[in-house]
Amino acid sequence: MAYIPDTPEDRAHMLAALGIDAVDALFEDLPPSVRLNRLLDVPPALSESELSRHLRQLAAQNRDLGQLTSFLGGGFYDRYVPAAVGALAQRGEFLTAYTPYQPEVSQGTLAAIFEFQSMIQTLTGTDASQASLYDGASAVGEACLMALANAPKRHRLLFGRTVLSQSRQVAETYSRARGAEITVIDGVDEIMGDDVAAVIWQYPDLLGQITALPAIIEKTHAIGAVAIVVADPVALALLTPPGEFGADIVVGEGQPLGNRLQLGGPTFGFMGVKSPWIRKMPGRIVGATVDHAGRRGFVLTLQAREQHIRREKATSNICSNHSLNALMATIYLSLLGPEGLKAVATVSAELAHYLADRLASAGLVRVPRQEPFLYEFTVRVPGSVADLNRHLLDRGILGGRDLGQEDPAWQGLWQLAVTEQRTKDDCDRLVEEVLAWQSR
């Protein structure tokens, strides 16, 4: 809608209709002590051309991935998004779609969500999925709430130390009202206690390691707890899906699937579950059915809209899920197919191992070395990681994550991620700059 400013005549007409002489009369109930009694201290108005110029100058102060070579990871990655993803996702029927409660007018949206669920179910190796969540961290929080609601007498959540800290922090916020306690553990030997509701493990983990999930899941089930796995969806193209190892709930961050790094968001979270958990999932589930003429169709299923208002007995109300972001993931996965997604992960892994070998020759040894990795790994830096990253940024390279910010015990650890967007030349240049930084 165009902006149409009101005129003095318009304001006079409105005041007359209200039966008052001045706008101040609208605020007479406010005590004088809380009124500003002066004009706002803002610069004078700009013309449209002046404002456009000013905004371009502000935007120019930012540097994006078109200007920087990124080695950042930790759940969010600089992956290539085919042009068709944006072109299809921006069609008007998707941009304006509301919650598809009326299937007779929402078949397109429902069909897209059904395909998304099917793809997530396949990637995670689970029995069912839902229409998406807000992001990866909130998906972890929702999984923890499910586990706590399933066992009211259990109040402890065991988080692997190598789960992203933001996921742990969100889970702590979500579960605090239920009186839950979060304990950070380092390995399978610390999985114990009849008060444990769930064990949460990342796959691959924050350090890039591919740890042995079967042992974690087996020990979790042995103490009667829920096994929650936080997974990278692109890595699942090469790794055994957690559901095949027996994970009860598999969640994760969906940004790597056809979503750009748009200032940190919005993205979407995903969730796949084993059969006993289907009715306990938050948000919407789309199911396939047939109409009275026997034609295939899609509907919201297994959940009633009113179930979300049952206070502490309800699942979270995620009606306004990030369905547009999930749609972009659906288009992306449809374009690539299973072999295409596997190729993306394989190319990334090959480049990452090349970079790890080059850095090792420069004296930056990967830690820990006993576990395999794909396209994300961690090295120890002889000095300040923050200083190294500043050196790289000045030279157009977005360096890896300073894991000392995640955990004080990880001071000096530098986490690097390599995607299909990088080249061997990019990796070689990073190594050259690391050597230059070391020799200062």
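A few points on the structure.

Definitions and limits used
- Residues numbered from 1 in each chain as written.
- Predicted model: local features only at pLDDT ≥ 70, side-chain atom pairs only at ≥ 80, totals over all residues.
- Heavy atoms only, no water.
- Helix = DSSP H or I, 4+ residues; strand = E, 2+ residues; numbered from the N terminus.
- Buried < 20%, exposed > 50% of the residue type's maximum accessible area, 1.4 Å probe, protein only.
- Contact = heavy atoms within 4.5 Å.
- Lys, Arg positive; Asp, Glu negative; His and termini not counted.
- Charge placed at Lys NZ, Arg CZ, Asp CG, Glu CD.
- Pairing = 2+ DSSP bridges.
- Axes fitted to C-alpha atoms, helices over the stretch in contact; angles between N-to-C directions.
- Parallel < 35°, antiparallel > 145°, perpendicular 65-115°, else oblique.
- Left-handed = near helix turned anticlockwise from the far one by under 90°.
- Nonpolar A, V, L, I, M, F, W, Y, C, P; charged D, E, K, R; others polar.

This part covers the overall build of the chain. Across its full length, the chain holds 11 helices and 14 strands. If one aligns the C-alpha atoms of the chain with their principal axes, the spans along those axes are about 80 × 65 × 50 Å. A total of 440 residues make up the chain; the buried ones form 48% of that total. Across the chain, the fraction of contacts at a sequence separation of at least 24, relative to all contacts at a separation of at least 6, is 72%. Computing the positive centroid from 39 side-chain charges and the negative centroid from 50, the chain places the two 3 Å apart.

For the rest of this paragraph, the subject is the sheet that holds strand S6 (residues 226-231). An order of S2-S8-S7-S6-S5-S3-S4 is seen for the seven strands of this open sheet, with the pairing classed as mixed. One side of each edge strand has no neighbouring strand; the edge strands of this open sheet are strand S2 (128-129) and strand S4 (181-185). Relative to strand S8 (residues 269-273), S2 runs antiparallel, the two sharing two bridges. Looking at the pairing, Ser-129 lines up with Gly-272 of S8.

Turning our attention to the sheet that holds strand S14 (residues 413-417). Taken in spatial order, the three strands line up as S11-S14-S13 in an open sheet, and their pairing is antiparallel. A strand with exactly one partner marks an edge of an open sheet, and here the two such strands are strand S11 (376-380) and strand S13 (401-402). Direction of pairing for S13 relative to S14: antiparallel, over a ladder of two bridges. Paired with Asp-402 across the bridge in S14 is Trp-414. Packed onto the sheet, helix H9 (residues 323-361) meets S11 and S14 and runs at close to 10 degrees relative to S11.

It is the contact of helix H10 (residues 385-393) with helix H11 (residues 424-438), at a shortest axis distance of 10 Å, that shows an interaxial angle of 120 degrees. Judged on the interaxial angle alone, H11 and H10 are oblique. Here the hand of the crossing between H10 and H11 comes out right-handed. Across the interface between the two elements, Asp-387, Leu-388, His-391 and Leu-392 from H10 touch Leu-430, Glu-433, Val-434, Ala-436 and Trp-437 from H11. Split by residue class, the contact of H10 with H11 holds six nonpolar, one polar and two charged.

Between helix H5 (residues 107-124) and H9, whose axes approach to 9 Å, the crossing angle comes to 45 degrees. Between H5 and H9, the crossing angle belongs to the class labelled oblique. As for the relative orientation of H5 and H9, their crossing is left-handed in sense. Packed against H5, whose contacting residues are Ala-112, Glu-115, Phe-116, Met-119 and Leu-123, the element H9 presents Ala-326, Leu-327, Ala-329, Thr-330, Leu-333, Ser-334 and Leu-341 at the interface. Split by residue class, the contact of H5 with H9 holds nine nonpolar, two polar and one charged.

Residues apart from glycine generally show negative phi values, whereas peptide bonds are mostly found in trans. Cis geometry is adopted by the peptide bond preceding Pro-204, which originates at Tyr-203 and carries an omega value of -15 degrees. By the secondary structure assignment, Pro-204 is in the loop between strand S5 (196-203) and helix H8 (213-222). In this structure, Asn-37 takes a positive phi of about 60 degrees despite not being glycine. Along the chain, the position of Asn-37 falls in the loop between helix H1 (8-18) and helix H2 (48-59). Despite not being glycine, Ser-132 has its phi angle at roughly 115 degrees, a positive value. Within the fold, Ser-132 resides in the loop between S2 and helix H6 (136-150).

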